[in-house]
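# Architecture and fold: a report
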Amino acid sequence: MSPRSQNDGAATGDPVEPARNIDNPAAMVLASFSAAAGTDGSTTQRAYLALRRLIVVGEIEPGEKLKIDGLRKRLGMGASPIREALSLLTSDNLVERIDQRGFRAAPVSQKNFEEILRLRCTLEDMALRQSIGRMTEDHEEELVLVHHRMLRRAGGDPEAFEEAHKDFHMALLTSCDAPILLKLCSQLYDLNIRYRYLAGRSLNYRTRNVADEHRDILQATIARDPDLASARLLAHYRQTGAFLADLFGESRLAVPD
């Protein structure tokens, strides 16, 4: 699957940053999970991050059965950390159990995508308003810096851009002082970006300037205008949501559920 270009990436507001515990609920329990299982946590983490990336960028297809032996050979790791990683990925809604012992990559569907979009809009509206209400000068400076870093990565490696892209969208929310809410927003970001990777080069926004959309969201946020910032953020997401919904309608993103 071919990930999107710079403007495509900017479109729905979401990067892939699995290693940061604040952004990933499964990663937060990784060390204790591995310790309880009596295995090397670092090996489990490597398996988790590797599998998570393969699923998010589409190298593992939606609905694909995840056989331990095949994954062991593919990743060059033992069976135990791979099983643990797959169990962790079920909490991210990227992997499903298909019976008592088997796993598959979570399927995709238009209904699933629309649910992700609704939840993102609802939860990020809440988080952004709370974050703006608590914003400090330090947060404002960090937000400007993160936005600058995203611009510098645009047009380069797509996965590197997506990391910076997610940094920007999560930085908008970080002053909300609600760790559970932030984790949910991060998880929904990753579920959404999976669809954009699956869409690949079909994400060609001829009538949009996504860099301008990001700039406008930033300006409203640092101006401490929650109504304007939220309106711009949600419009940003919904425009991309409408485009991806059209791809489903054209059967260009039709992956069986």
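Report on the accompanying structure.

Parameters and conventions
- Residues numbered from 1 in each chain as written.
- Predicted model: local features only at pLDDT ≥ 70, side-chain atom pairs only at ≥ 80, totals over all residues.
- Heavy atoms only, no water.
- Helix = DSSP H or I, 4+ residues; strand = E, 2+ residues; numbered from the N terminus.
- Buried < 20%, exposed > 50% of the residue type's maximum accessible area, 1.4 Å probe, protein only.
- Areas by Shrake-Rupley, 256 points an atom, 1.4 Å probe, with all protein chains shown as cover.
- 1 Å grid on protein atoms, 1.4 Å probe; cavity = no way out; pocket = protein on both sides within 12 Å on 5 of 7 lines; lining within 4 Å.
- Points joined across faces, edges and corners; volume = space filled by probe spheres on them.
- Nonpolar A, V, L, I, M, F, W, Y, C, P; charged D, E, K, R; others polar.
- Salt bridge = Lys/Arg side-chain N within 4 Å of Asp/Glu carboxyl O.
- Core = buried A, V, L, I, M, F, W, Y, C linked by side-chain atoms within 4.5 Å.
- Contact = heavy atoms within 4.5 Å.
- Expected span 1.5 Å × (residues − 1).
- Arc of directions from axis to C-beta.
- Polar contact = N/O pair within 3.5 Å; in protein donor to acceptor, adjacent residues only side chain to side chain.
- Phe/Tyr/Trp six-rings, centres within 6.5 Å; stacked < 30°, edge-to-face > 60°.
- Lys NZ or Arg CZ within 6 Å of the ring centre and 35° of its normal.

## Quick notes on the overall build of the protein
- A count of helical and extended segments in the protein gives 12 helices and 2 strands.
- The helix and strand sequence of the protein, counted from the amino end, reads α-α-α-α-α-α-β-β-α-α-α-α-α-α.
- Of all 257 residues assigned to the protein, the portion counted as buried reaches 48%.
- Summing over all exposed atoms, the protein offers an accessible surface of approximately 11800 Å²; the carbon and sulfur share of this is 49%.

## Things to note about the layout of surface pockets
- If you add up the space inside the largest pocket, you get close to 310 Å³.
- In terms of lining, the largest pocket is formed by 18 residues, of which the most central are Asn 93, Asn 112, Glu 115, Ile 116 and Leu 191.
- Looking at the lining of the largest pocket residue by residue, the classes come out as 10 nonpolar, 4 polar and 4 charged.

## Here we look at unusual backbone geometry
- One non-glycine residue, Asp 177, lies in the positive phi region at around 60 degrees.
- Judged by its relative accessible area of 56%, Asp 177 is exposed.
- Even without being a glycine, Arg 224 presents a positive backbone phi close to 60 degrees.

## Regarding the pattern of salt bridges
- Within this structure, the stated rule accounts for 17 salt bridges.
- Taking the shortest distance from any N to any O, the salt bridge between Arg 129 and Asp 125 comes out at 2.9 Å. One end of the pair is Arg 129 and the other is Asp 125, both in helix H7 (residues 110–133) and 4 residues apart, which spans about a single turn.
- Looking at Asp 125, the relative accessible area reads 21%, which means it is partly exposed.

## Overview of the nonpolar core
- Counting 64 residues, the largest nonpolar core has Leu 51, Ile 60, Ile 82, Leu 86 and Leu 172 as the members making the most contacts within it.
- Looking at this core, the element that brings in the most residues is helix H10 (residues 179–199), giving 11 residues.
- Excluding residues that lie within four positions of it along the chain, Leu 51 makes contacts with Ile 60, Leu 71, Leu 75, Ile 82, Ala 85, Leu 86 and Leu 89.

## A short note on helix H11 (residues 210–222)
- With 13 residues, H11 ought to run about 18 Å at 1.5 Å a step, and its terminal C-alpha atoms sit 19 Å apart, in line with that.
- Where H11 is concerned, the buried positions are Val 210, Glu 213, His 214, Ile 217, Leu 218, Ala 220 and Thr 221. Buried residues of H11, viewed axially, fall in a sector of 170 degrees; they line one side.
- Where H11 begins, the side chain of Asn 209 points an oxygen toward the backbone nitrogen of Ala 211, at a separation of 3.3 Å.
- Looking one or two residues past H11, Arg 224 carries a phi angle of roughly 60 degrees, positive in sign.

## A word on the packing of aromatic side chains
- Under the counting rule described, the total for this entry stands at 1 aromatic pair.
- With a centroid separation of 5.2 Å and 55 degrees between ring planes, the pair formed by Phe 113 and Tyr 195 is classed as tilted. Of the two residues, Phe 113 is situated in helix H7 and Tyr 195 in helix H10; the sequence distance between them amounts to 82 residues. In this pair, the class of Phe 113 matches that of Tyr 195, namely buried.
- For the cation-ring pair, Arg 120 lies above Tyr 237, with the distance from its terminal atom to the ring centre recorded as 3.9 Å.

Read these as geometric descriptors, not functional statements.
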